[in-house]
Each structure stands twice: as C-alpha cells, then as structure tokens.
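A structural walkthrough
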Amino acid sequence: MAEQSEFAQLRHQIEVESSEEGSTGEIKFEEGYTWKVFFGTLFVAFVMLPGAIYLGLVAGQGLGPAAEWVTIVLFSEIMRRSFLPMKRQEIYILYYVAASLTGLDPNLSISGGPFGYLVWNQYFEQSPQAAPIAHDIPRWVVPPIGSPALIHRTFLDTAWLVPIVLLLIGQVLGRFQWMSAGYYLFRITSDIERLPFPMAPVAASGATALADAASKEESWRWRIFSIGTMVGLVFGFLYIAIPVFSSVAFGKAYQLLPIPFFDFTTNTENILPAAITGITADLGSAMAGFVIPYPIVLGSFWGSIICRIVLAPVLYHFGLFGNATNSGWTPGMNAIITMQVTNIKFWISVGIGLNAAVAVIGIWSVGKAVIEAQRERKNRGLQQRSFAIPKGRGDEKLPMWLPLVIWIGITIFYIFLVEYLLSLDSKPGQPHFINPLWLVFFGLIWSPFNSYISARMIGLTGSGVSVPYLQQVAILKSGYPYVDIWYAPIPLNDFGGIAQRFRELELTGTRFTSLFYAEMVMLVVILSASFIFWAFLWHTSQIPSSQFPYAAKFWPINATFQAIFQQINLKHGAMAYVREAIDFRRIGYGFLAGMALFGLFRLFGWSTLTYYGFIGGSGAYPNYAIMTFLGAWLGKRYFAKRFGVTQWQMYTPVLLAGFACGTGLIAMAAIALALIAKSVNYLPF
C-alpha cells in the first residue's frame, strides 16, 4: 500500500504540472490532428526532411530538437498572427510529427525515412568489406552486384520490386504493431498500475507553454519556457556552435566543453581498474535531474557508482572482466570501450537478470492491483477503485483484448514471413530453415516480456532498459549458419517507449485517435518524400562520396563491423567474446540479486522508487548519473526552498522543454551556417 501511495502522489503531482491554468483538474480531451497539423506535416516532410538527410550524410548529425521546436514555433506564430492560435493538442501532435519524420539512426547517421536503408544495403553489398559474403546476400534485400539498378543508381528498376514491397509491408504492419503494443502496455502501466511516467510532462509542458503564449498576454509557463530557451541558447553556443564553427574555419573542431563527457577512466585505472570515471559537461543532464523525482535520481546515482566504479576493481580482480588474452578489459581503454567490454563480459547477463526481477515485481503488482479492485467491489461502503477510461480520450469503445490480438497476430505473420524468406535461398543439400520455436520465443515471449520491463522502467524512472548486441547474440545462439538471417524481419522488439507517448497524449488532453490519424498521414507522406529525396541524392551522386564527408569516413567503418557480425554464425566465423555475452548462470544470479535487493528495500522501509532507480542506474554511465544527481540535489536543496516545493515542481518540466528548444535552435542555426560556408568554399570564384 505504501508503494501505491507513493506512485499515486507522484502521478498526481505530474498531472498538476501538465494541467492548463484555470483548469479544474479534470483533463478535457480534444482532437489534435487538424488541417494546421496536416500542413505542418507537409512542411517537415518536404522542407526539413531533405536537410535532415543531407546533414546526416555530411556531418553525421540530425536536426533533433531543432526540427521539432522550429516547426512548432514557426507554425504557432503564423497561426497566432492569423488569429487562429494553435491548441496545445495541435502543438503536441505537430511536435510528435516533426520528431518522427526527422529521426536519425545514430549508428549509420541515416535520416529521412526507410529508403535510406536501401541505399545503405546496396553500398554494403558492393563494399570490399562485404566481399566474402556479398554473393550470399538475398535478392529480396538488394539487387545483385552488376545489376543495371545499381549501375545507374535508380530505384526505378524491377530488381528493386521485392525489396520495396517488403519495405512497404514492414512500414504498414510495423505501425499497427507498435501502436497496438504501446497502447496495451500503456493500459497496464498507466491505467492499472498508475505509474507516474516522470519524463512525460516535458513535452506536455512545452506544448502547454506555447499554447499559453498564443492565447494569452501573460503566462508563467511562457516566462519559464523563455528562460529555459535563453539558457539553452547560451549553452548550445558553447557546447555545439563553437565546435561547428571552428571545424569550418580552422578544419578542426575546438571544444570548450568536451563531447560527450570528461573521461578520467585512463587516469584512474591504476587505483580503479575497469572503473568508468568522469563527468559530462552536458547541462541537459543536470536539468533532467530537476524533473526526475529525487528518489529515482538518488537510486540511479548509487546504482551507477556502486556497479560501475566501486565493484569494478573487485570484479576485475576475480577475472570476471577478462584480460588481453580473451578480448577482455585492459589498461588504456577509455570509458566507452570499457563500458562495451565490461557489458559483454559480465553486465549484459546480470542486467537481464536484474530487469527480470523488475518484471516479476511488476507482474505481481498488476495482479495485486486487480485482486484488490475485485475485493473492493465486493465490500460495500468502500470506495471502488476504477480502471475506467477517462471520458473523451478516444479509446472508450476499444476493448483491451483487441490491441493484444493485433500485436500477437502481426508477430505470428512475421514468424511465417521469416521462414518463407529464408526458404527462398535454399539450395540442394543446404536447406535454409530455422527452428520456428526460436522465433516464437523471441516474438511471443521475449519481446512482450522485455517491452513490459522497459515500459515499467520508463513509467517509474523516465528511462528504459536495453540489452546490447541482443540480436547478434540471439542469431549466434540459434546456430543458423547462413547470412540471410541477418536481413530477415525477426520479431525481436522493444515497444516499451511507446507507452510514454500515450501518457503524453493523455497529459496534453489529446484524443488517442489523433495519433492514429497522424501515423496514417505520415505513412503516405514519409514514404513519398523518402523515395523522392533519397532517389534524387543517390542518382545524382554516389553515396558515400567526397560530397558526403561523414558517410565517406564512417560508412566503411560501419561496413567492417557489419561484415564481421554477419560472419559470426558461419563456420570459424564466430567471435568468442560475443558468445560469452549471454550466460544463463549469471542471469540467474542477477535475478536473485534483484529480488533480494527489493526485499532489503522493503525491510528497511526505503523508497521503492529508489530501488527502481538503482536497477536502472546499474547499467548507466556514472558520467551522466553524477551530473543528473548534482542537478537533482541543487533543485532539492536550493531551488525548491527558493521558490517553494510545489511551484518548483511545476517549473521544472517547462524549463527543460525550453532548454531543449534553445539548444535545438542554436544547433540548427550553427549547422545551417556551416553548410553555407562549406558550399561557398567549393565555388570556383
């Protein structure tokens, strides 16, 4: 009961932070996808999308918050001057659309929709790194080397028909799958468990602040949002603009504040071997500490410090991190490499066990909540707990079993599709067949289980969980010995983050049908725009080439790693250290440790939120955990006393939203000027 009371108090606080001024506390739902948002969608797709594609290939960066907030500020100002101010529901959906359309794949720096991956596939097939396996890459992925489609660099060729059809199927079914899964997880974690989702108010508060500015002369939200924006502009200039400008002017990026963090790992390796030490200079981490509840930040801080610094020398001493002879940790490794090596050697397996404990505790909490609700219904005179859907949310008539059926149905379709696609490459004496139970496990057991863990951790701490190299290890463990498995649509997913999207819709008073309308329109728009702009860029210039310096430098590196991984399941191709990543014994120890730690917290009456923060922090860089804790401590010890606890709690999500807007604006301006300068440098006069 104490745990539920703690969640309820935090959830109520978040709903107050996100509510509009003068509201009675009851959320009023309105449609968010209107003709204003439709034109905003076209603006992002046909104005910002080509810039996002080009920026990713040239500089390896995405538009990020710039695309979201520039679009919102521009359209809200146009509508305000047209005496048609945008509602916060419209502003939030426009924010969502801009973020979705201009997203960047951090591994390949590909933006601008799904056709970019077809360009990557044709490059990889023809790269020297892929030479040993190029002939084994299936034709349902990319045309063969020497095909006219590749020679003339065009998608308008029948050789691309099957890959494009599969791409379209994936885009359509993928949307229905993640919407169904995300909604179902939201119903469990938000409507039943009543988890707070501490980071959901950031986008909601930003939308509310801009809506206030469009309809009122004076608003505390707009004032706090503006302060956050100015702080973001100043910090963005120091953190982003100076490196961008200096790289253009001097050919080298000078950083006043190191990106991504100060790394002291090699300096402390003599006294703290295998420990990750340092601190980030990113002010955004400190401001996130303002927003995330203090018990969660405290737990995350101690989880990261204990697991990644205090225990690291002990684990290294007992050989659990390996050594130079078995691709383990060795002196001289920086923080990023140390994190990668120690994860593979030890923490991936333990982390799976710890998060499995979180899932079991969550399932127990859901069952307990349902049983208590049934008991209350039987006892007259007691207030009945209601799982009823708020009126006007848009899903009142949607039975809870329907999204689950859609999720499972699409997953089963993918299982059959994988078997069919693999069978197309069968040869006499070499049947391409994988045990369907392996696909059933990952599609119908692991993916829902992991998605629920992630959704619950996001609902509790604001950040999810991930298992590095899970797909690679899963394919290796399957024993399947052919290359085509790497391109099959294996139903291995984590839909946990989508639950927060639905919570943001709820906090902004946006009908859930708005998300469906937005996705259906985006499906058509993104496919059209992605085809047009990627086809144009690829046809006019080879990608990568000297015109796209980032892709020219990093795509070959990415191709090397992809070629290595795609050979690990071949004979004599497996890498020993990858095989070590999943150790079922350590998973069991991690699970027992997670359950014992939960019992310890309950025994001493410590906050359950701190426990969940500790589990999440066990897999985090101390560099970020320390800065986030400093922000939370400063907010609790100074700002909360300066402004009052309640007022400060209402300020923080608006302040963080403004900060994101400011850094996004300065980043976009800096990158635009850098692109202009680079263009001028190539002119012949």
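On a predicted model such as this, the values are computed, not experimentally measured, just so you know.

**Focus: the packing of aromatic side chains**
A full pass over the atoms with the stated rule returns 50 aromatic pairs. Ring geometry for Phe604 versus Trp606: centroids 5.0 Å apart, planes at 15°, classification stacked. Following the ring pairs from residue to residue traces out a cluster consisting of Phe290, Tyr638, Phe639, Phe643, Trp648 and Tyr651. Over the face of the ring belonging to Tyr294 we find Lys636, whose NZ or CZ atom lies 5.0 Å from the ring centre. The ring centre of Phe643 lies 5.1 Å from the NZ or CZ of Arg642, which sits over that ring.

**Thoughts on the pattern of salt bridges**
The final tally for this structure, using the stated rule, is 10 salt bridges. Across the salt bridge formed by Glu519 and Arg175, the nearest N and O atoms sit 2.7 Å from each other. Residue Glu519 is found in helix H18 (residues 512-540), and its partner Arg175 is found in helix H7 (residues 161-192); the two are separated by 344 residues along the sequence. Across the pair, exposure class does not vary: Glu519 and Arg175 are buried alike.

**Quick look at unusual backbone geometry**
Unlike most non-glycine residues, Arg153 shows phi in positive territory, near 50°. Here Arg153 lies in the loop between helix H6 (148-151) and H7. For Ala274, which is not glycine, the phi dihedral falls at a positive 70°. With respect to the helices and strands, the residue Ala274 is situated in the loop between strand E3 (262-263) and strand E4 (278-279).

**Section: the packing of helix H4 (residues 88-101) against helix H17 (residues 496-507)**
Following both chains from N to C, one finds H4 and H17 inclined at 155°, their axes separated by 10 Å at the closest point. Viewed along their axes, H4 and H17 adopt a mutual orientation that is roughly antiparallel. Judged by residue contacts, Arg88, Tyr92, Ile93, Tyr95, Tyr96 and Ala99 of H4 engage Arg501, Glu504, Leu505 and Leu507 from H17. Among the residues forming the contact of H4 with H17, the class breakdown is 7 nonpolar, no polar and 3 charged.

**Describing the environment of Gln255**
By secondary structure assignment, the location of Gln255 is in the loop between helix H9 (220-250) and E3. Classification of Gln255 by relative accessible area gives partly exposed; the value is 41%. With 15 residues separating them along the chain, Gln255 and Ile240 place their C-alpha atoms 8.4 Å apart.

**Here's the deal with the side chain of Ser127**
Structurally, the position occupied by Ser127 is in the loop between helix H5 (115-126) and H6. Residue class for Ser127 comes out buried when judged on its relative accessible area of 4%. Side-chain polar atoms of Ser127 contact the backbone oxygen of Phe124, separated by 2.7 Å.

What counts, and where the lines are drawn
- Residues numbered from 1 in each chain as written.
- Predicted model: local features only at pLDDT ≥ 70, side-chain atom pairs only at ≥ 80, totals over all residues.
- Heavy atoms only, no water.
- Phe/Tyr/Trp six-rings, centres within 6.5 Å; stacked < 30°, edge-to-face > 60°.
- Lys NZ or Arg CZ within 6 Å of the ring centre and 35° of its normal.
- Salt bridge = Lys/Arg side-chain N within 4 Å of Asp/Glu carboxyl O.
- Helix = DSSP H or I, 4+ residues; strand = E, 2+ residues; numbered from the N terminus.
- Buried < 20%, exposed > 50% of the residue type's maximum accessible area, 1.4 Å probe, protein only.
- Axes fitted to C-alpha atoms, helices over the stretch in contact; angles between N-to-C directions.
- Parallel < 35°, antiparallel > 145°, perpendicular 65-115°, else oblique.
- Contact = heavy atoms within 4.5 Å.
- Nonpolar A, V, L, I, M, F, W, Y, C, P; charged D, E, K, R; others polar.
- Polar contact = N/O pair within 3.5 Å; in protein donor to acceptor, adjacent residues only side chain to side chain.

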